[in-house]
Amino acid sequence: MCMPFSEEALAEVLGVRFRLSLSGCVANTPGGPRQGVRATDIPEPNGFAVLVSTGWKSLEAGFFPDTYAGDLVRAMGRKAATSHQPFLSLVSTFEAGGKRIGMKVNGSVVLPENGLPPPPWNQLELRVRRLTDATSGNDGDLQADAETVASACLALLLLLLPLEEEEPAGLPLFEAGLPEGACSTVTVNRYERSPANRAACIAAHGSRCGICGFDFGVVYGPLAHGYIEVHHRTPVSRMGDGYRVDPVHDLIPLCANCHAAVHRVDPPMEPETLREMLATRRRMTCRPDSRSHPVKPS
Ligand SMILES: [Zn+2]
Ligand SMILES: [Zn+2]
């Protein structure tokens, strides 16, 4: 049964959030038609959909491979051998946040505490379930809940997908305003650009700024709903050869302003330090006397 939420809106917001090309879809499953999203880069019948369904006071998003997605699933099994750490880190973050992850490989239940099974993977089931407030019956909530579970499921899948390796050079993200003659750009490194890392970071921490709490969707509406930048905490210069990014702990979602601010120093300022600075400044400007009399009469 189709639910009162828009799969097109779901594809739109997840596409913006993860910087992926997604399309909304309704697919026939043994349990009836289900709404969800597809990655448009991997066309049918070799790709997959993430479909949302309702259960008992719960909402679930699951991985639904196409009829001929065998090669894709086998490639995911090979990728899992190197990406099991961020994957399991994301699973435990989701579970700590009240989501339930169900996973089967080749028909056997996978328990995260035992790690991921070695290749070959011929069959993969992955579901993310979240309890919902069944009494609300609010369509807005359902859209948001569908976003939450689909976002979590897609973030886990992206860590397993054999995505193209990112080019090593940093790409300029935007020009920072500096005095004349000075020239600087904030560059996003490959860890910040990787869709899998972005997705894992945002699915774990949400799409509000981790420093000031700015939410693009709240301020700009549907135009920017889900938009956020991702900052890599560990300066590239301090990373050894064997460094593997943990998107949950090494990356943080930041608004464009806070992102520019942490990069005003090199190496970038710790986000927690800027958050404290901002809190101190807010306390100072919010004192009743300083608000009504910004300049004290002498
Ligand atoms: Zn911010
Ligand atoms: Zn950054």
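Report on the accompanying structure. What you are looking at is a predicted structure, and each value in this text was computed from that prediction instead of being measured. (Residues numbered from 1 in each chain as written. Chains lettered and ligands numbered in written order. Predicted model: local features only at pLDDT ≥ 70, side-chain atom pairs only at ≥ 80, totals over all residues. Heavy atoms only, no water.)

What follows is about the coordination of the zinc ion (ligand 1). Distances from the zinc ion (ligand 1) to its protein donors, Cys-209 (SG), Cys-212 (SG), Cys-255 (SG) and Cys-258 (SG), fall at 2.3 to 2.4 Å. Around the zinc ion (ligand 1) sit four donor atoms, and with donor-metal-donor angles ranging over 106 to 113° the site reads as tetrahedral. Positions of the donor residues of the zinc ion (ligand 1) along the chain correspond to the pattern C-x2-C-x42-C-x2-C. Of this pair, Cys-212 sits in the loop between helix 5 (195-205) and helix 6 (216-220) while Cys-258 sits in helix 8 (residues 256-262), placing them 46 residues apart in sequence. Residue class for Cys-258 comes out buried when judged on its relative accessible area of 7%. (Donors = N, O, S within 2.8 Å, 3.2 Å for Na, K, Ca; no water. Tetrahedral: all angles 85-135°; square planar, octahedral: opposite > 155°, others 65-115°. Helix = DSSP H or I, 4+ residues; strand = E, 2+ residues; numbered from the N terminus. Buried < 20%, exposed > 50% of the residue type's maximum accessible area, 1.4 Å probe, protein only.)

Next up on the list: the sheet that holds strand 6 (residues 108-109). Paired through backbone hydrogen bonds, the strands of a sheet run either parallel or antiparallel to each other. With antiparallel pairing, the seven strands of this open sheet are ordered in space as 1-2-3-4-7-5-6. The open sheet terminates on both sides in strands that have one partner only, identified here as strand 1 (22-29) and strand 6. In this sheet, strand 3 (residues 48-55) lies alongside strand 2 (residues 32-39) in antiparallel orientation, the contact comprising four bridges. Across the sheet, Gly-36 pairs through a bridge with Leu-51, a residue of strand 3. Contacting strand 1, strand 2 and strand 3, helix 1 (residues 7-18) runs over the sheet at an angle of about 135° to strand 1. Along the sheet, helix 2 (residues 70-96) contacts strand 3, strand 4 (58-65), strand 5 (100-105) and strand 7 (124-131); its crossing angle with strand 5, the most-contacted strand, is approximately 160°. (Pairing = 2+ DSSP bridges. Contact = heavy atoms within 4.5 Å. Axes fitted to C-alpha atoms, helices over the stretch in contact; angles between N-to-C directions.)

Judged by side-chain polarity, Val-218, Val-219, Tyr-220 and Leu-223 come together as a nonpolar surface patch covering roughly 480 Å² of accessible area. The exposure class assigned to Val-218 is exposed, which follows from its relative accessible area of 66%. (Patch = residues over 30% accessible without salt bridge, like charges linked within 9 Å, V, L, I, M, F, W, Y side chains within 5 Å. Areas by Shrake-Rupley, 256 points an atom, 1.4 Å probe, with all protein chains shown as cover. Salt bridge = Lys/Arg side-chain N within 4 Å of Asp/Glu carboxyl O.)

Across the eight residues that make up strand 4, a large majority, six, are buried. Examined bridge by bridge, strand 3 and strand 4 share eight bridges and lie antiparallel to one another. Of the residues in strand 4, the one forming a bridge with Val-50 is Phe-63. Hairpin connection of strand 3 to strand 4: two residues between the antiparallel strands, including Lys-57 at a positive phi of 50°.

The buried fraction of helix 5 amounts to nine of the eleven residues, a majority that puts the element mostly inside the structure. Downstream of helix 5 by one or two residues, Gly-206 has phi in the positive range, about 90°.

With that out of the way, let us pick up the environment of His-249. Residue position: His-249 is located in helix 7 (residues 247-250). Spatially, the C-alpha atom of His-249 lies 9.3 Å from that of His-232, the residues being 17 residues apart in sequence. Apart from the residues lying within four places of it in its own chain, the contact partners of His-249 are Ser-89 and Arg-233. Within the structure, His-249 has its side chain in polar contact with the side chain of Asp-246 (distance 2.8 Å). (Polar contact = N/O pair within 3.5 Å; in protein donor to acceptor, adjacent residues only side chain to side chain.)

Helix 5 packs onto helix 2 with a crossing angle of 20° between their chain directions and a minimal axis gap of 10 Å. Regarding the angle of helix 2 to helix 5, the classification is roughly parallel. Both helix 2 and helix 5 take part in a crossing whose hand is left-handed. Of the residues in helix 5, those touching helix 2 at Leu-90, Thr-93 and Phe-94 are Ala-200, Ala-203 and Ala-204. (Parallel < 35°, antiparallel > 145°, perpendicular 65-115°, else oblique. Left-handed = near helix turned anticlockwise from the far one by under 90°.)

Turning our attention to the packing of helix 1 against helix 5. At a minimum axis separation of 9 Å, helix 1 and helix 5 run at an interaxial angle of 110°. Looking at the two axes, helix 1 sits roughly perpendicular to helix 5. In this structure, helix 1 contributes Val-16, Arg-17 and Phe-18 to the contact, and helix 5 contributes Pro-195, Arg-198, Ala-199 and Ile-202. The residue inventory of the contact of helix 1 with helix 5, partitioned by class, reads five nonpolar, no polar and two charged. (Nonpolar A, V, L, I, M, F, W, Y, C, P; charged D, E, K, R; others polar.)

Evaluation of the coordinates by the stated rule reveals eight salt bridges. Note that Arg-17 and Glu-147 form a salt bridge whose closest N and O atoms lie 3.2 Å from each other. Here Glu-147 lies in helix 3 (residues 139-160) and Arg-17 lies in helix 1, a separation of 130 residues in the sequence. With a shortest N-O distance of 2.6 Å, Asp-145 and Arg-130 are connected by a salt bridge. Here Asp-145, found in helix 3, pairs with Arg-130, found in strand 7; they are 15 residues apart in sequence, far enough to count as distant. Judged by relative accessible area, Asp-145 falls into the buried class, the value being 17%. Connected through shared salt-bridge partners, Glu-60, Glu-125 and Arg-127 make up one network.

Just geometry here; none of it tells us what the structure is for.
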